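Structural description and commentary
Next come the chains, spelled out residue by residue.
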Amino acid sequence: MSENKIIACKTHEVAPGQQKIVQLDRFSVGVFNVDGEFHALLNVCPHKGAALCEGPVCGTTAATDGRDFTYCKDKALVRCAWHGWEFDIKSGEFLVDPSIKAKTFAVSVEGEDVVVHL
Amino acid sequence: MIIDVDCHNYWSSAEVLLPYMDPFFKDYFIRGEQPGPRGAFPHAHRPWLHPEGFKRADINPVSEDDNYAIMKAKHLDHYGIDYAILTGDEALEASTLANPYYAAALVRAYNDYQVEEWLPRDDRLVGSIVIAPQDPQLAAQEIRRLGQNPRMVQVLASHGASRPYGDPFYHPIYEACAEMGLPFAIHLGGQGGINSNPIGAGPTTFFWETHAILPQSAMTHVASMIAQGVFEKWPQLYFVVIECGVAWVPSVLWRLDANYKALRKETPWLKRLPSEYFKDHIRFTTQPLERPDNLQHLWSLLEAMDGKNTLMYASDYPHWDYDDLNSLHIPPEWRQNILGDNAMQVFKRLQALDAAKKAA
């Protein structure tokens, strides 16, 4: 884990299902709260460089062998602000092709601080 | 190995179908209103009429026997064709009729006529089970009725249709195709009547103008077959698109892939990119192959659709825009695949027929 740890924000500033975009060093980073767990993504979409983390935090349909529409990953997915590519907030994986990943950073909570490990 | 996947067998009059019709529909056919003179095939004709007629001017059969004799001399023997898949002609237009029972009776009669009067003439000829897709249950019955015949190698519908072919409405057809191990093919035609206007912005004026832009409905069918998950439901199914052009294919696939990446949530049954389903399940036929001034432009597009593996040779004999096998403008190192090997893979029954012929 990187030693370059920076306080991104206070825990109460990002409610579950929301995100906050902060500038850390030279990086724009999105801090997300997924069910009380904090995650951080580089605010750059690996597709076209858009501000990934400004997109909606939402869910999507689960893969199926049938014709059912099952909502999944509720508030655990960010849809890129420009072209709508779906990224799993925890892993950074693009749902259509998991070999394409948004850059993630490790996060720790220290007291009331959300700390991002750059 | 040379396989022509689009070889039209004509008839001198649609009355050749009469011996194969049930009494009720025979009566309908003989005494009912026709779109042309006596002997015309009943269909709701498209509004664009070829000003010279469809066929090559050097092919003028005057009898039923002539139809085959001329095909043999000027096409099969002349080019050394190993197998030709018969695609009929007017029978496809049954899809334009509002009455699905009459349409089903007509294609049933055509299919029997083809089996009885064409296939025995030459062991190079193999057939298509023509269906009237406006009633998918009746179409599925017809596929199962003839599906065991080893010389029937595909199911064939017109590309003019009342809705895009991936629609679950049509899925009984693919269920039957899968059960019989047959590809589902669509061939240019079937415009008019109950079918959607194939020209998106409204009716065009001239025949050549219309013919050039008929790929529009093929685009719709390709997108629909992929998006509706037909190839997830029937993982062995091949979809063959005949005479709808090819140079547009990469462009549509690029768009489908790009849009799917943004909106996969609409179709959670898909597991792969649209272009990947295309490569495994959809095949296009060459004729009429686009002819740019700079052939390299065409070849770049063919390469983008993996043309070496996704294209099959078609002559469209004996139509006005027939392609000469010897001047097919494809990269020379692709010829063996496109002329025969790809078709051998798609039409599984040809493999068995060919093995039997070699053993004999």
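These remarks concern the structure in this document. Keep in mind the model is a prediction, meaning the values are calculated, not measured.

1. Here's the deal with the overall build of chain A
Scanning chain A for helices and strands turns up 0 helices and 9 strands. Counting helices and strands in the order they occur from the N terminus, chain A gives β-β-β-β-β-β-β-β-β. For a compact globule of 118 residues, the expected C-alpha radius of gyration is about 13 Å, and chain A comes in at 14 Å, within 12% of that figure. For chain A, the spread of C-alpha atoms along the principal axes amounts to about 45 × 30 × 25 Å. The 118 residues of chain A split such that 47% are buried. When contacts within chain A are restricted to residue pairs at least 6 apart in sequence, those whose partners lie at least 24 apart make up 41%. When the accessible area of chain A is evaluated, it comes to approximately 5,900 Å², of which 49% is carbon and sulfur surface. When the 12 basic and 16 acidic side-chain charges of chain A are each reduced to a single mean position, those positions are 4 Å apart.

2. Concerning unusual backbone geometry
Residues and elements named next belong to chain B. The peptide bond linking Gln287 to Pro288 adopts the cis configuration, its omega dihedral lying at -10°. Structurally, the position occupied by Pro288 is in the loop between β7 (282-285) and α11 (295-304). For the bond from Tyr317 to Pro318, the omega torsion is -5°, close enough to zero to count as cis. As for its position among the elements, Pro318 is in the loop between β8 (311-312) and α13 (335-346). The phi torsion at Glu243 lies on the positive side, around 60°, for a residue other than glycine. Given a relative accessible area of 5%, Glu243 falls into the buried group. In this model, Asp316 sits at a positive phi of 65°, which is unusual for a non-glycine residue. Relative to the helices and strands, Asp316 is located in the loop between β8 and α13.

3. Digging into the side chain of Arg264(B)
Mapping Arg264(B) onto the fold places it in the loop between α9 (249-263) and α10 (274-281). Relative accessible area serves as the criterion here: at 7%, Arg264(B) is assigned to the buried category. Looking at Arg264(B), its side chain comes within polar contact range of the side chain of Glu86(A), at 3.0 Å. In this structure, Arg264(B) is in contact with Thr60(A), Thr61(A), Ala62(A), Ala63(A), Glu86(A), Leu95(A) and Val96(A), ignoring residues within four places of it in sequence.

4. Comments concerning the packing of helix α3 (residues 100-118) of chain B against helix α4 (residues 136-146) of chain B
Residues and elements named next belong to chain B. Running from N to C, α3 and α4 point in directions that differ by 15°, and their axes come no closer than 10 Å. On the basis of their axis angle, the class for α3 and α4 is roughly parallel. The hand of the α3/α4 crossing is right-handed. Across the interface between the two elements, Pro100, Tyr101, Ala104, Val107, Arg108, Asn111 and Asp112 from α3 touch Leu138, Glu142, Arg145 and Leu146 from α4. Grouping the constituent residues of the contact of α3 with α4 by class yields 6 nonpolar, 1 polar and 4 charged.

5. Details of the packing of aromatic side chains
All names here are of chain B. This structure, assessed with the given rule, holds 26 aromatic pairs over all chains. A network of ring pairs unites the aromatic residues Tyr165, Phe169, Tyr170, Tyr174, Phe184, Trp234 and Phe239 as a single cluster. It is Arg121 that lies over the ring of Trp118; its NZ or CZ is 5.9 Å from the centre.

6. Here's the deal with the sheet that holds strand β2 (residues 19-24) of chain A
Residue and element names in this part refer to chain A. Spatial strand order, β1-β9-β8-β4-β3-β2: 6 strands in an open sheet with antiparallel pairing. Bordering the open sheet on either side are β1 (5-10) and β2, each of which pairs with just one other strand. For this sheet, the mean angle separating the axes of adjacent strands, direction not counted, is 30°. Pairing of strand β3 (residues 27-34) with strand β4 (residues 37-42), which is carried by 6 bridges, proceeds in the antiparallel orientation. Residue pairing for β4: Phe32 is matched across the bridge by His39.

7. Quick notes on the nonpolar core
In terms of nonpolar packing, the biggest core is built from 134 residues, with Tyr174(B), Phe184(B), Phe284(B) and Phe347(B) touching the most fellow members. The dominant element in this core, judged by the number of residues it contributes, is α3(B), at 10 residues. Dropping the residues within four chain positions of it, Phe347(B) is found in contact with Val5(B), Ile85(B), Val153(B), Gln154(B), Pro183(B), Val240(B) and Met312(B). In this structure, Cys9(A), Val22(A), Phe38(A) and Phe105(A) belong to the second largest nonpolar core, which totals 15 residues.

8. Digging into the interface of chain B and chain A
With 16 residues of chain B in contact, the opposing surface of chain A contributes 18 residues. Taking both sides of the interface into account, the surface hidden between chain B and chain A amounts to around 1,300 Å²; carbon and sulfur atoms contribute 53%. Area buried by chain B at its contact with chain A is led by Lys261(B), Arg264(B) and Trp269(B), which between them contribute 44% of it. One can count 2 salt bridges joining chain B with chain A. Two residues, Asp65(A) and Lys271(B), come together in a salt bridge whose shortest N-O distance is 3.0 Å. Applying the counting rule to chain B against chain A returns 9 residue pairs in polar contact (both at pLDDT 80 or more).

9. Examining helix α7 (residues 215-227) of chain B
Residue and element names in this part refer to chain B. Over its 13 residues, α7 extends 18 Å from the first C-alpha to the last, a length consistent with the 18 Å expected when each residue adds 1.5 Å. Considered for burial, the residues of α7 that qualify are Pro215, Ser217, Ala218, His221, Val222, Ser224, Met225 and Ile226. Downstream of α7 by one or two residues, Gly229 has phi in the positive range, about 75°.

Reading the values: the criteria
- The residue numbers shown here count from 1 along each chain, following its written sequence.
- Written order decides the labels, with chains lettered from A and ligands numbered from 1.
- Under the rules for a predicted model, residues below a pLDDT of 70 receive no local features and side-chain atom pairs below 80 are neither given nor counted, while totals for whole chains, interfaces and linings still include all residues.
- As a rule here, side-chain values come from all non-hydrogen atoms in the structure, and water together with hydrogens is ignored.
- Strands are runs of DSSP state E lasting at least 2 residues, helices are runs of H or I lasting at least 4, and numbering of each runs from the N terminus.
- Atoms counted for the radius of gyration: C-alpha only. Globule rule: 2.2 Å times the number of residues to the power 0.38.
- Three exposure classes are used, based on accessible area relative to the maximum for each residue type with a 1.4 Å probe and protein chains only: buried under 20%, partly exposed in between, and exposed over 50%.
- The contact definition used throughout considers only heavy atoms, calling two residues in contact when any of these lie within 4.5 Å.
- In these tables, accessible area is a Shrake-Rupley quantity obtained with a 1.4 Å probe, and a residue counts as shielded only by the protein chains included in the view.
- Only four residue types enter the charge count: Lys and Arg as positive, Asp and Glu as negative, with His and the chain ends excluded.
- Throughout, a charge is located at the NZ atom of Lys, the CZ atom of Arg, the CG atom of Asp or the CD atom of Glu.
- For the purposes of these results, a polar contact is taken to be a pair of N or O atoms within 3.5 Å, where, inside protein, one atom must be able to donate a hydrogen and its partner to accept one; residues adjacent in sequence count only when each atom of the pair is a side-chain atom.
- Simply put, an axis is a line fit to the C-alpha atoms, just over the touching stretch for a helix, and the angle between two N-to-C directions goes from 0 to 180 degrees.
- Throughout, the term roughly parallel applies to angles under 35 degrees, roughly antiparallel to angles over 145, roughly perpendicular to angles from 65 to 115, and oblique to all others.
- The hand of a helix crossing depends on one turn: near helix anticlockwise from the far one by less than a right angle means left-handed, and clockwise means right-handed.
- Three categories are distinguished: nonpolar for Ala, Val, Leu, Ile, Met, Phe, Trp, Tyr, Cys and Pro, charged for Asp, Glu, Lys and Arg, and polar for the others, with Gly belonging to the last.
- Two rings belonging to Phe, Tyr or Trp (six-membered ring only in the last case) form a pair when the distance between their centres is within 6.5 Å. Interplanar angles under 30 degrees mark stacking, angles over 60 mark edge-to-face geometry, and anything in between is tilted.
- Ring-over charges, as used throughout, are those where CZ of Arg or NZ of Lys falls within 6 Å of the ring centre and within 35 degrees of the ring normal.
- In this scheme, strands are said to pair when DSSP sees at least two bridges between them.
- Residues enter a nonpolar core if they are buried and are Ala, Val, Leu, Ile, Met, Phe, Trp, Tyr or Cys, with the set joined through side-chain atoms within 4.5 Å.
- Accessible-area loss on putting two parts together, using a 1.4 Å probe and summing over both, is the definition of buried area adopted here.
- Any carboxyl oxygen of Asp or Glu that lies within 4 Å of a side-chain nitrogen of Lys or Arg is treated as forming a salt bridge with it.
- Here the expected length of a helix is defined as 1.5 Å per residue gap, with one fewer gap than residues.

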